[in-house]
Amino acid sequence: MSISWFITTLLLLHSCTPGVGMDHGIVGGKEYIPHSRPYMVYIRDKQTHKACGGFLIREDFVLTAAHCKRDHLMVYLGVNDTNHLPEGIKVDAIPHPKFDSKKMNDDIMLLKLKKPGTLNKTVNIIALPKNKISSNCMVMGWGLQEYNGKFPSRVLKEVNLTLLRSKYCAIRHNLCTQDEVGPALGDSGGPLICGNVPQGIVSYYIMNEFTNYLTMYANISYYLPWIHKIMNPTL
Ligand SMILES: *[C@@H]1O[C@H](CO)[C@@H](O)[C@H](O)[C@H]1NC(C)=O
Ligand SMILES: *[C@@H]1O[C@H](CO)[C@@H](O)[C@H](O)[C@H]1NC(C)=O
Ligand SMILES: *[C@@H]1O[C@H](CO)[C@@H](O)[C@H](O)[C@H]1NC(C)=O
Ligand SMILES: *[C@@H]1O[C@H](CO)[C@@H](O)[C@H](O)[C@H]1NC(C)=O
């Protein structure tokens, strides 16, 4: 029996069509309570409008996926509706030096904000992982609602997922989930939050002929030394 696998990176390939896609988002997702995820960051290339998610881990640093790197990335903090974006902030992109876009390993990137964000009720940071991973996770994003859909969501959507404990998932320092629901195009770079702690970064999914979706996330804990070295260069 032959099983064909298709690897799909979750960068958004379509640009936003204003006014459409209100009911879309993470596949199987439900709309978040406005501003209940103040660490969530909308990332978009100023010229191509290709979009990703990310999350604020310090006033001046966003964590996202390396395959989201583009030449004119802007980050938007405290976004509720992507049709009404606040002023964007320019960044310096620092992808992991070992990132390989063909094998999709080490798919992690730091964005240093040229102007640090102001923290308030709608903009806040989320702390990096310290403890053992809980299996009860949640993923969120402004991506497509259908795996083969067309329109991204204007408002943030989220869905609960259970971490898959399998040797296969640990390859290339990844975590994974398997379900009929989950991240789709446009959800790249967003956090996989397990027990209130960001543990993974949405990277890509693998689909087999039975249309099961195995989603892969960079295992943040593994990259903590690299993250700390970039964020605290003098330590
Ligand atoms: C968030 O955006 C949605 C869609 O435009 C809108 O219905 C809702 O009122 C907004 N909420 C806040 C708090 O801005
Ligand atoms: C919070 O700060 C952001 C910029 O970081 C700004 O766009 C937003 O309007 C502020 N919100 C409130 C409620 O002050
Ligand atoms: C996720 O699970 C929590 C309880 O563990 C529940 O309160 C929440 O509504 C669920 N979220 C979604 C999007 O289903
Ligand atoms: C994630 O990485 C940490 C640190 O390397 C490791 O201890 C942990 O086992 C990894 N998690 C999984 C599920 O592979």
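The structure we're discussing is the one just above.
In short, a report on the structure. All figures in this text were calculated on a predicted structure; none of them were measured in a lab. (Residues numbered from 1 in each chain as written. Chains lettered and ligands numbered in written order. Predicted model: local features only at pLDDT ≥ 70, side-chain atom pairs only at ≥ 80, totals over all residues. Heavy atoms only, no water.)

1. What about the nonpolar core?
Nonpolar side chains tend to gather and get buried jointly when the protein is soluble and globular. Ranked by internal contacts, the top residues of the largest apolar core, which has 46 residues, are I57, L63 and I227. Taken together, the elements giving at least two residues each to this core come down to β3 (40–45), β4 (51–58), β5 (61–64), β6 (73–77), β7 (89–95), β8 (109–113), β9 (136–141) and α1 (220–231). Here this core takes six residues from α1, the largest share from any one element. What L63 contacts, discounting residues up to four positions off in sequence, is G54, F55, I57, I108, M109, L110, L128, G189, I201, I220 and I227. (Core = buried A, V, L, I, M, F, W, Y, C linked by side-chain atoms within 4.5 Å. Buried < 20%, exposed > 50% of the residue type's maximum accessible area, 1.4 Å probe, protein only. Helix = DSSP H or I, 4+ residues; strand = E, 2+ residues; numbered from the N terminus. Contact = heavy atoms within 4.5 Å.)

2. Let's talk about the site of ligand 2
Taken together, T118, N120, T122 and V123 make up all the residues around ligand 2. Measuring from an oxygen atom of ligand 2, one finds a backbone N or O atom of T118 at 3.2 Å. In the environment of ligand 2, an oxygen atom lies 2.3 Å from a nitrogen or oxygen atom belonging to the side chain of N120. Relative to its free-state accessible area of 360 Å², ligand 2 is covered by the protein chains to the extent of 47%. For the shell around ligand 2, a count of residues per class yields one nonpolar, three polar and no charged. (Near = heavy atom within 4 Å. Polar contact = N/O pair within 3.5 Å; in protein donor to acceptor, adjacent residues only side chain to side chain. Areas by Shrake-Rupley, 256 points an atom, 1.4 Å probe, with all protein chains shown as cover. Nonpolar A, V, L, I, M, F, W, Y, C, P; charged D, E, K, R; others polar.)

3. A word on the pairing of β4
Both faces of the sheet carry side chains from a regular strand, because those side chains alternate between them. Counting buried positions along β4 yields seven of eight residues, so the element is predominantly enclosed. The sheet contact formed by β3 and β4 spans five bridges and is antiparallel. Bridge assignment links Y42 to a residue of β4, and that residue is G53. The hairpin turn running from β3 into β4, its antiparallel successor, is five residues long, and H49 in that turn takes a positive phi close to 65 degrees. (Pairing = 2+ DSSP bridges.)

4. Description of the packing of aromatic side chains
Two measures describe an aromatic ring pair: the distance that separates the ring centres and the angle between the ring planes. By the definition in use, this model includes four aromatic pairs. With a centroid separation of 6.2 Å and 50 degrees between ring planes, the pair formed by Y42 and Y76 is classed as tilted. Of this pair, Y42 sits in strand β3 while Y76 sits in strand β6; the two residues are 34 residues apart in sequence, bridging distant segments of the chain. Residue Y76 is classed as buried on the basis of its relative accessible area of 8%. Ring geometry for Y205 versus Y213: centroids 5.1 Å apart, planes at 85 degrees, classification edge-to-face. Taken together, the ring pairs connect Y42, Y76 and W142 into an aromatic cluster. (Phe/Tyr/Trp six-rings, centres within 6.5 Å; stacked < 30°, edge-to-face > 60°.)

5. Section: the site of ligand 4
Near ligand 4, the surroundings consist of L175, N219, S221 and Y222. N219 is positioned with one of its side-chain polar atoms (N or O) 2.4 Å from an oxygen atom of ligand 4. Grouping the amino acids of the shell around ligand 4 by side-chain chemistry returns two nonpolar, two polar and no charged.

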